[in-house]
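What follows is each chain in one-letter form.
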Amino acid sequence: MPLPFSATALDVKTRFVQEAVELGPQNPMARANLCLALSLAGRPQEAIPHAQQAVTLTNAQNPLLLDMLGRLYAQAGRVPEAVEPTRQAALMTSAAIEA
C-alpha cells in the first residue's frame, strides 16, 4: 500500500522529530513520534532503541509504547522479542477495560 505522502516529506518529518528528541531526550512522546517516522521509512531497527527508551521513561506503564516496541521488533524480524512487550500491552489494556 503506497504511503499518502512522499519519501521527501517523510525525510523532513524524521529530521524534525529527531531534533525534538535532541531537544527533549527525556520526552517519551517525542521518541514515540521518531519511532513512527522511522518505522514508516522502513527503518524499524533504528527505531527500536528509541522505543525502548520511551518504555523505560514511562516505567513500562504505557501500553501504547509497549505495543509500539513489540510491533517494531516484529517489523525488524525479531519476533521472539516482540512477544513480551506485546503481551504486557495487552494485559494492561485488558485490565483498563475491566476496571
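A brief look at the structure comes next. (Residues numbered from 1 in each chain as written. Predicted model: local features only at pLDDT ≥ 70, side-chain atom pairs only at ≥ 80, totals over all residues. Heavy atoms only, no water.)

Some remarks on helix H2 (residues 28-40)
Thought 1: Spanning 13 residues, H2 covers 18 Å between terminal C-alpha atoms, matching the ideal 18 Å at 1.5 Å per step.
Thought 2: For H2, every residue scored as buried is listed here: Pro28, Ala30, Arg31, Ala32, Leu34, Cys35, Ala37, Leu38 and Ser39.
Thought 3: Where H2 terminates, the next one or two residues include Gly42, which has phi positive at roughly 75 degrees. (Helix = DSSP H or I, 4+ residues; strand = E, 2+ residues; numbered from the N terminus. Expected span 1.5 Å × (residues − 1). Buried < 20%, exposed > 50% of the residue type's maximum accessible area, 1.4 Å probe, protein only.)

As for the environment of Asp67
Thought 1: Following the sequence through the fold, Asp67 ends up in helix H4 (residues 63-75).
Thought 2: Taking the C-alpha atoms as reference points, Asp67 and Gln52, separated by 15 residues in sequence, lie 11 Å from one another.
Thought 3: Those residues in contact with Asp67, other than ones at most four positions away along the chain, are Pro85 and Ala89. (Contact = heavy atoms within 4.5 Å.)

Digging into the nonpolar core
Thought 1: With 20 residues, the main nonpolar core has Leu69 and Leu72 as its most contacted residues.
Thought 2: Elements that contribute at least two residues to this core include exactly helix H1 (7-23), H2, helix H3 (44-57), H4 and helix H5 (79-98).
Thought 3: Counting residues per element, this core draws most heavily on H2, at six residues.
Thought 4: Excluding its chain neighbours within four sequence positions, the residues that come into contact with Leu72 are Cys35, Ser39, Pro44, Ala47, Ile48 and Ala51. (Core = buried A, V, L, I, M, F, W, Y, C linked by side-chain atoms within 4.5 Å.)

Details of the pattern of salt bridges
Thought 1: A full pass over the atoms with the stated rule returns four salt bridges.
Thought 2: Salt-bridge contacts for Arg43 lead to Glu46; the nearest nitrogen and oxygen are separated by 2.9 Å.
Thought 3: Glu46 sits in the partly exposed class, given a relative accessible area of 41%.
Thought 4: Measuring nitrogen to oxygen at the nearest pair gives 2.6 Å for the salt bridge that ties Glu84 to Arg87. Pair noted here: Glu84 and Arg87 are both in helix H5, with a separation of three residues, about one helical turn.
Thought 5: According to the relative accessible area criterion, Arg87 is partly exposed, its value standing at 42%. (Salt bridge = Lys/Arg side-chain N within 4 Å of Asp/Glu carboxyl O.)

Focus: the packing of H4 against H5
Thought 1: The contact between H4 and H5 brings their axes to 7 Å, and the two run at 160 degrees. Considering their axes alone, H4 and H5 lie roughly antiparallel with respect to each other. Taken as a pair, H4 and H5 cross one another with a handedness that is left-handed. Between H4 and H5, the contacting residues are Pro63, Leu66, Asp67, Leu69, Gly70, Tyr73 and Ala74 on the first element and Val79, Glu81, Ala82, Pro85, Thr86, Gln88, Ala89, Met92 and Thr93 on the second.
Thought 2: Split by residue class, the contact of H4 with H5 holds ten nonpolar, four polar and two charged. (Axes fitted to C-alpha atoms, helices over the stretch in contact; angles between N-to-C directions. Parallel < 35°, antiparallel > 145°, perpendicular 65-115°, else oblique. Left-handed = near helix turned anticlockwise from the far one by under 90°. Nonpolar A, V, L, I, M, F, W, Y, C, P; charged D, E, K, R; others polar.)

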